[in-house]
Amino acid sequence: MSLETYLEELTQEDIPLKYGEFLELSSLDSDDMELIQEVWPQLSPERRLDLVSRLVETSEENIDMDFTPIFKLALKDEAEFVRCKAVSGLWECEDRPLITTFIKLLEGDPSTEVRTAAAQALGKFAVLAEDGKLLSLDNGRIQGALLPLVKSEDLPLILRRRALESVGVFSSDEITQTIDWAYKHDDTEMQQSAIFAMGRNADFQWTEVIRAALDREEPAIRYEAALACGELGEEEMVPDLLPLLKDEDLQVRLSSINALGSIGGSLAKKALTACLKSDDDVVSQTAEEALESMESNDDPLNFKYHS
């Protein structure tokens, strides 16, 4: 099927979208995108959302398919839910110009959902910047866009939390102070994001704070603390995670299993092996996957290329 034929069919909204035809929309050049831009306004917002959503799912399942030009087009859509979904489609894209795009959305989009999605998407570039894979000016731009939002009381909490989670990867006194401030915040959800940020920050100064959070009353706090242990990757924290394997909250148990898989070591392996005998299929399957991940990381022949 040619692209022209597919687009004509796309405008017929009584015809369901078909996975097998999405190949027509992969790796489009500028001429192809001109055709898409002509057809795009003819589609209803619901049809555009359905299309972008399906393309996001398809790109996650098949890394050989690239719908980046369509996602970039959808960022300008008049419907906020289409823009929001388009941002999620670009989370794996490392094109530097997207930093500017996401900052503009973060600072100027009228939708809280879109601004929140943009804050999350900038987290990808924050990691690249902290790892020295971007220009130094990118580091400053990303921090400058995200950091002021965290303490802005007039902004929605969800936006402030996502900004904290993304900017937390950076290493500086100001970031440390902001994470500490957030953990001492009255709102439990902000505290959750602070623990998440501690994990991404991966500074050993947070070890005791995270360890103490494993014993907190709130399941969501214990969940984040377990994952943060996995991010720190310190074997000395394995004994602290073991009690959570019997936690009353399933998500906490699963996060502990995943953390043990990330940390590794003989004690973690022993604990995960015991979880394989769990009557809960989800627990046993998660433990199996964690063990496989651990063995893969321990395999000396499992080389990883670092650019």
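Located above this text is the structure these notes cover.
Described below are features of the structure shown in this document. (Residues numbered from 1 in each chain as written. Predicted model: local features only at pLDDT ≥ 70, side-chain atom pairs only at ≥ 80, totals over all residues. Heavy atoms only, no water.)

## What to know about the overall build of the protein chain
(1) Moving on: Looking only at helices and strands, one finds 17 helices and zero strands in the protein chain.
(2) Moving on: C-alpha extents for the protein chain along the principal axes are approximately 60 × 45 × 35 Å.
(3) Moving on: For the protein chain, the proportion of its 307 residues judged to be buried stands at 49%.
(4) Moving on: The long-range share in the protein chain, meaning contacts at least 24 apart out of those at least 6 apart in sequence, stands at 63%.
(5) Moving on: Element-wise, carbon and sulfur atoms account for 48% of the exposed surface of the protein chain, whose accessible area totals about 15700 Å².
(6) Moving on: When the 29 basic and 63 acidic side-chain charges of the protein chain are each reduced to a single mean position, those positions are 4 Å apart. (Helix = DSSP H or I, 4+ residues; strand = E, 2+ residues; numbered from the N terminus. Buried < 20%, exposed > 50% of the residue type's maximum accessible area, 1.4 Å probe, protein only. Contact = heavy atoms within 4.5 Å. Areas by Shrake-Rupley, 256 points an atom, 1.4 Å probe, with all protein chains shown as cover. Lys, Arg positive; Asp, Glu negative; His and termini not counted. Charge placed at Lys NZ, Arg CZ, Asp CG, Glu CD.)

## So, the environment of F102
(1) Moving on: Tracing the sequence through the fold places F102 in helix α6 (residues 97-108).
(2) Moving on: Measuring from C-alpha to C-alpha, the distance between F102 and L75 comes to 9.5 Å, with 27 residues separating the pair along the chain.

## Quick look at the side chain of T178
(1) Moving on: Here T178 lies in helix α10 (residues 173-183).
(2) Moving on: The residues contacting T178, other than those within four sequence positions of it, are L147, V150, K151 and L164.

## Notes on the packing of helix α3 (residues 45-61) against helix α5 (residues 80-89)
Each packed pair of helices is defined by two parameters, the angle between the axes and the distance between the axes.
(1) Moving on: Viewed as axis vectors pointing N to C, α3 and α5 meet at an angle of 10°, and their least axial separation amounts to 9 Å. Here α3 is positioned roughly parallel relative to α5, judged by the angle of their axes. When you trace α3 past α5, the crossing you get is left-handed. Contacts between α3 and α5 pair P45, R48, L49, V52, S53 and V56 from the former with F81, V82, K85, A86, S88 and G89 from the latter.
(2) Moving on: Among the residues forming the contact of α3 with α5, the class breakdown is seven nonpolar, three polar and two charged. (Axes fitted to C-alpha atoms, helices over the stretch in contact; angles between N-to-C directions. Parallel < 35°, antiparallel > 145°, perpendicular 65-115°, else oblique. Left-handed = near helix turned anticlockwise from the far one by under 90°. Nonpolar A, V, L, I, M, F, W, Y, C, P; charged D, E, K, R; others polar.)

## What about the layout of surface pockets?
(1) Moving on: Quantified by volume, the largest pocket comes out at close to 510 Å³.
(2) Moving on: Every residue lining the largest pocket is counted, 23 residues in all, and those nearest its centre are S88, W91, E92, C93 and K124.
(3) Moving on: For the lining of the largest pocket, the elements supplying multiple residues, two or more each, are α3, α4 (68-74), α5, α7 (112-130), α9 (157-167) and α11 (188-201).
(4) Moving on: Counting residues per element, the lining of the largest pocket draws most heavily on α7, at four residues. (1 Å grid on protein atoms, 1.4 Å probe; cavity = no way out; pocket = protein on both sides within 12 Å on 5 of 7 lines; lining within 4 Å. Points joined across faces, edges and corners; volume = space filled by probe spheres on them.)

## Some remarks on the nonpolar core
(1) Moving on: L25, W40 and F102 are the most contacted members of the largest nonpolar core, which totals 99 residues.
(2) Moving on: By residue number, the principal contributor to this core is α7, which donates 10 residues.
(3) Moving on: If we skip the residues at most four places from it in the chain, W40 touches R48, L51, V52, I70, L73, A74, D77 and V82. (Core = buried A, V, L, I, M, F, W, Y, C linked by side-chain atoms within 4.5 Å.)

## Topic: the packing of aromatic side chains
(1) Moving on: Under the counting rule described, the total for this entry stands at three aromatic pairs.
(2) Moving on: When the ring of F102 is compared with that of F125, the centres are 6.3 Å apart and the planes differ by 55°; the resulting orientation is tilted. Residue F102 is located in helix α6, and its partner F125 is located in helix α7; the two are separated by 23 residues in the primary sequence.
(3) Moving on: Here F102 falls in the buried class, since its relative accessible area comes to 0%. (Phe/Tyr/Trp six-rings, centres within 6.5 Å; stacked < 30°, edge-to-face > 60°.)

## Describing the pattern of salt bridges
(1) Moving on: Considering all chains together, one arrives at 18 salt bridges under this definition.
(2) Moving on: The residue R83 makes a salt bridge to D109 at a minimum N-O spacing of 2.9 Å. Here D109 lies in the loop between α6 and α7 and R83 lies in helix α5, a separation of 26 residues in the sequence. Pair check on accessibility: R83 and D109 agree, each one buried.
(3) Moving on: For R211, the salt bridge identified is with D240, shortest N-O distance 2.9 Å. Taken together, the residues span a long stretch of sequence, with R211 in helix α12 (residues 207-213) and D240 in helix α14 (residues 238-241) at a distance of 29 residues.
(4) Moving on: Taking the relative accessible area as the measure of exposure, R211 reaches 18% and is therefore buried.
(5) Moving on: Where salt bridges share partners, they join E208, R211, E236 and D240 into one cluster. (Salt bridge = Lys/Arg side-chain N within 4 Å of Asp/Glu carboxyl O.)

## Here we look at unusual backbone geometry
(1) Moving on: One non-glycine residue, S27, adopts positive backbone phi at about 55°.
(2) Moving on: Tracing the chain through its elements places S27 in the loop between α1 (3-10) and α2 (30-39).

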